[in-house]
Amino acid sequence: MAEPVAYIDSITERYTRLGYDPYRWYRREAAPAWTPLSKTMAESRLAVLSTAGGYTLGQVAFHYKDDTSLRGIPKATPRNALRFAHLTEHYLPGPRRDPNCMLPLERLRELEADGRIGEIADPVLSCMGGIYSQRRVREELIPAVVEQVESNKADAALLIPM
Amino acid sequence: MCLIANELEQRGTPTLVLGAALDIMEAGRPPRGAFFDAPLGHTCGAPDAADQQRAILRGALAAFDAITEPGAIVHLPERWKAGDGWKNQASDSTGGDSRQPRDTTPQWQHPADAVAAEGAD
């Protein structure tokens, strides 16, 4: 099968079969928002956010019920101090073996050292996807992300969903 | 994630979503996207495949610099090295619910992480 997986169709079908209420997928009707780049990546301070539920030793792990909290992970954190907790735990074996699968701090540091990225905004941001309440994403998670990205004076943001 | 991308973009920060679930990304219409066709949990490449991870991130950065059409999603050329067999299981709609029970206690990867976090918020 060369085609990409149709996750929305297959998960909707599975939950229907299990007798669950339909999951409300986020579908945007409006055109995408747009802000042109003011600088190239090589000149930019780049904010990074991963939704794999990454945390570092010394931080509290995520929980499974609409956890809208945000962690700031120092970009110098070594890979053996990175941990993951996520509602869909069966996606975590890869990142738990090598955090760079979802929270690629080692690769980002290399790209920064190479000059491919001007600077990685510190800390790198981490939250847990799988929040079912879009209202809580809007009211709790997004303001925290915006505050971090803007206070770090990031020129652009790279977002890595799991 | 596309909700976050559009909100940041609306407020003046350019964004790119690097994702592995194309249909979910298309439904959310991020301002810029890059797609790596891989099992979920491996958006930035396979474990211990540093060269692949580097290529994916370089591809995403190149897309970030290049995209001028709102909503464009670049398909990255990197391939999942073990082939496409994983897609059969990922597309299967007959299984049970693979999610964890919804609970508000911290779900530590290792029990010792709780000790390390004592006193943290």
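Structure's up top.
Read on for an overview of the structure. Owing to the predicted nature of the structure, the values given are computational and were not obtained by experimental measurement. The residue numbering used here restarts from 1 in each chain and proceeds along that chain's sequence as written. Ligands are numbered from 1 and chains lettered from A, in the order in which they are written. Only residues with pLDDT of 70 or above have their local features reported here, since the model is predicted, and side-chain atom pairs are shown and tallied only from 80 upward, although totals for entire chains, interfaces and linings are computed over all residues.

### Quick word on the overall build of chain A
Helix and strand counts for chain A stand at four helices and seven strands. In terms of overall dimensions, chain A has a C-alpha envelope of 50 × 40 × 40 Å along the principal axes. Placing C-beta atoms from the backbone, we regard two residues as in contact once those atoms come within 7 Å. For chain A, long-range pairs separated by at least 24 residues make up 74% of all intrachain contacts whose partners lie at least 6 apart in sequence. Comment: elements are numbered from the N terminus, with helices defined as DSSP H or I runs of at least four residues and strands as E runs of at least two.

### A few points about the environment of asparagine 100 of chain A
Examined against the element boundaries, asparagine 100 of chain A turns out to sit in the loop between helix 2 (93-97) and helix 3 (105-114). With residues near it in sequence (within four places) discarded, asparagine 100 of chain A still touches Glu106 and Arg107 of chain A together with Cys44 and Gln53 of chain B.

### Observations regarding the packing of helix 3 of chain A against helix 3 (residues 50-66) of chain B
Between two packed helices, the angle of one axis relative to the other and the distance separating the axes together describe the packing. Between helix 3 of chain A and helix 3 of chain B, the shortest axis-to-axis distance is 10 Å and the interhelical angle comes to 60°. Here helix 3 of chain B runs oblique to helix 3 of chain A, going by the angle between their axes. Helix-helix and strand crossings are classified by hand; for helix 3 of chain A and helix 3 of chain B the assignment is right-handed. Counted together, Arg107, Glu110 and Leu111 of chain A of helix 3 of chain A and Gln53, Arg54 and Leu57 of chain B of helix 3 of chain B form the full contact between these two elements. Taken together, the residues of the contact of helix 3 of chain A with helix 3 of chain B break down into two nonpolar, one polar and three charged. Note on geometry: axes are lines fitted to C-alpha atoms, helical ones only across the stretch in contact, with angles between N-to-C directions running from 0 to 180 degrees. Oblique is the label for every angle not falling under 35 degrees (roughly parallel), over 145 degrees (roughly antiparallel), or within 65 to 115 degrees (roughly perpendicular). Take the far helix as your reference; a near helix turned counterclockwise from it by less than a right angle gives a left-handed crossing, and one turned clockwise gives a right-handed crossing. Under the convention adopted here, Pro, Cys and the residues Ala, Val, Leu, Ile, Met, Phe, Trp and Tyr are nonpolar, Asp, Glu, Lys and Arg are charged, and Gly plus all remaining residues are polar.

### Concerning helix 3 of chain A
Here a residue counts as buried when 20 or more other C-beta atoms sit within 10 Å of its C-beta, as exposed when there are 12 or fewer, and as partly exposed otherwise, the C-beta atoms being derived from the backbone. Among all positions of helix 3 of chain A, only Leu105, Leu108 and Leu111 of chain A are buried. Summarising the axial view, the buried residues of helix 3 of chain A lie within an arc of 125°, below the 170-degree limit, and thus occupy one face. Seen from the open side of helix 3 of chain A, the exposed residues pointing more than 90 degrees away from its buried face are Ala113 and Asp114 of chain A. Of the surrounding secondary structure, the elements contacted by the buried residues of helix 3 of chain A are strand 1 (45-50), strand 5 (119-120) and strand 6 (124-126) of chain A together with helix 3 of chain B. One or two positions beyond helix 3 of chain A, positive phi appears at glycine 115 of chain A, with a value near 85°. Read the arc as the range of directions from the helix axis to the C-beta atoms.

### Looking at the interface of chain A and chain B
Taken residue by residue, the interface counts 73 residues in chain A and 74 residues in chain B. Put simply, the parts of the chain that give the side of chain A that touches chain B at least two residues each are helix 1 (7-17), strand 4 (82-84), helix 2, helix 3, helix 4 (134-151) and strand 7 (156-160) of chain A. Among the residues forming the side of chain A that touches chain B, the class breakdown is 46 nonpolar, 13 polar and 14 charged. For two strands to pair, DSSP has to find at least two bridges joining them. In terms of strand pairing, strand 7 of chain A meets strand 1 (residues 15-19) of chain B through three bridges, oriented parallel. Note that in strand 1 of chain B the partner of leucine 159 of chain A across the bridge is valine 17 of chain B.

### A closer look at the pairing of strand 3 (residues 72-75) of chain B
Residue and element names in this part refer to chain B. Alignment of strand 2 (residues 32-35) against strand 3, held across four bridges, turns out to be parallel. Considered in strand 3, the bridge of alanine 34 is made with valine 74. Handedness of a crossover: with both strands directed away from the viewer, a clockwise path from the first strand across the helix to the second marks it as right-handed. In this region the chain leaves strand 2, passes through helix 3 and returns to the parallel neighbour strand 3; the handedness of that crossover is left-handed.

### A few points about the environment of arginine 109 of chain A
All names here are of chain A. Mapped onto the fold, arginine 109 is located in helix 3. On the neighbour-count criterion, arginine 109 (14 C-beta atoms within 10 Å) is partly exposed. Once the C-alpha coordinates of arginine 109 and cysteine 127 are considered, the two residues, 18 residues apart in sequence, prove to be 20 Å apart.

### With respect to the environment of tyrosine 23 of chain A
Residue and element names in this part refer to chain A. Structurally, tyrosine 23 can be placed in the loop between helix 1 and strand 1. Given 12 C-beta atoms within 10 Å, tyrosine 23 falls into the exposed group. With residues up to four places along the chain from it excluded, the contact list for tyrosine 23 reads Ile11, Thr12 and Tyr15.

### Concerning the nonpolar core
Grouped together as the largest cluster of nonpolar side chains are 65 residues, with contacts concentrated most on Leu46 and Leu159 of chain A together with Ala60 of chain B. Counting residues per element, this core draws most heavily on helix 3 of chain B, which supplies six residues. Excluding anything up to four places from it in sequence, leucine 46 of chain A contacts Met41, Ile117, Ile120, Ala121, Ala154, Ala156 and Leu158 of chain A. In this usage, the nonpolar core is the set of buried Ala, Val, Leu, Ile, Met, Phe, Trp, Tyr and Cys residues whose C-beta atoms join them within 7 Å.

### Considering the packing of helix 4 of chain A against helix 1 (residues 2-10) of chain B
Following both chains from N to C, one finds helix 4 of chain A and helix 1 of chain B inclined at 50°, their axes separated by 10 Å at the closest point. Comparing their axes, helix 1 of chain B and helix 4 of chain A come out oblique. Every pair of crossing elements has a handedness; the one defined by helix 4 of chain A and helix 1 of chain B is right-handed. Touching Gln134, Val137, Ile142, Val145, Val146 and Val149 of chain A of helix 4 of chain A are Leu3, Ile4, Glu7 and Leu8 of chain B, all from helix 1 of chain B.

### A short note on unusual backbone geometry
All names here are of chain A. Here aspartate 122 and proline 123 are connected by a cis peptide whose omega angle stands at 5°. Its place among the elements puts proline 123 in the loop between strand 5 and strand 6. Non-glycine residue lysine 153 carries a positive phi angle of around 55°.

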